[in-house]
Amino acid sequence: MQLKPSTEQALYKWLGPDTWHTSNDFDMNRFYDFVDQYQKDYGFTIDEAALREVIERKVKAGVNEHIREIIREHISLAYRILDFLKHTGR
């Protein structure tokens, strides 16, 4: 999957800090910005496997099973956010 430049930039902003995988407010806000940009560029659907691969390639630290689970959780959250936005017309 090749992301559009605006979505890729938002992804880099989210994954840039070493703390990207935590649930602190700063990291979650960057994640929400990424989801917002993703929706603008791609609508309300996610190719979960393709997006997971993109994220795994961008993660600076090594990807182990714990990081893979965190990535799956974030993609699942992104899917639920997009589903909510779709059903509420936002």
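One pass over the structure, following the stated rule, counts six salt bridges. Across the pair Lys58 and Glu8 runs a salt bridge whose closest N-O atoms are separated by 3.2 Å. Here Glu8 lies in helix H1 (residues 5-15) and Lys58 lies in helix H3 (residues 48-58), a separation of 50 residues in the sequence. Classification of Lys58 as partly exposed rests on a relative accessible area of 21%. Judged by relative accessible area, Glu8 falls into the buried class, the value being 19%. Note that Arg30 and Asp27 form a salt bridge whose closest N and O atoms lie 2.4 Å from each other. Placement of both Arg30 and Asp27 in helix H2 (residues 25-42) is noted, with a separation of three residues, approximately one turn of the helix.

This part covers the environment of Glu69. With respect to the helices and strands, the residue Glu69 is situated in helix H4 (residues 65-88). Classification of Glu69 as partly exposed rests on a relative accessible area of 35%. Taking the C-alpha atoms as reference, Glu69 lies 18 Å from Pro17; in sequence the two are 52 residues apart. For Glu69, the side chain forms a polar contact with the side chain of Arg72, separated by 3.1 Å.

Remark: H2 packs on H4, axes separated minimally by 10 Å, with the N-to-C direction vectors making an angle of 55°. Classified by the angle between their axes, H2 and H4 sit oblique to one another. Where H2 crosses over H4, the handedness of that crossing is right-handed. Here Met28, Phe31, Tyr32, Val35, Tyr38 and Gln39 of H2 come into contact with H4, specifically with His74, Leu77, Ala78, Ile81 and Leu82. Here the contact of H2 with H4 is composed, by residue class, of nine nonpolar, two polar and no charged.

Thresholds applied
- Along each chain, numbering runs from 1 in the same order as the chain's sequence is written.
- Owing to the predicted nature of the model, reporting of local features is limited to residues with pLDDT of at least 70; listing and counting of side-chain atom pairs is limited to 80 or more, with chain, interface and lining totals taken over all residues.
- Side-chain figures throughout are based on the complete set of non-hydrogen atoms in the structure, without hydrogens or water.
- Counted as salt bridges are all cases of a side-chain nitrogen of Lys or Arg within 4 Å of a carboxyl oxygen of Asp or Glu.
- Strands here mean DSSP runs of E at least two residues long; helices mean DSSP runs of H or I at least four residues long; both are numbered from the N terminus.
- The rule is simple: take the accessible area with a 1.4 Å probe, protein chains only, and divide by the maximum for that residue type; under 20% is buried, over 50% is exposed, in between is partly exposed.
- Identification of polar contacts relies on pairs of N or O atoms within 3.5 Å, with a donor-acceptor requirement for protein atoms, meaning one able to donate a hydrogen and the other able to accept it, and with residues adjacent in sequence counted only if both atoms are side-chain atoms.
- An axis is simply a line fitted to the C-alpha atoms; with a helix, the fit covers only the stretch in contact. Between two such axes, the angle follows the N-to-C directions and lies from 0 to 180 degrees.
- Between 65 and 115 degrees an angle is taken as roughly perpendicular, under 35 as roughly parallel, over 145 as roughly antiparallel, and anywhere else as oblique.
- A crossing counts as left-handed when the near helix is turned anticlockwise from the far one by less than a right angle, and as right-handed when that turn is clockwise.
- For this analysis, residues touch if any pair of their heavy atoms sits within 4.5 Å.
- Think of it as three bins: nonpolar holds Ala, Val, Leu, Ile, Met, Phe, Trp, Tyr, Cys and Pro, charged holds Asp, Glu, Lys and Arg, and polar takes everything else, Gly as well.

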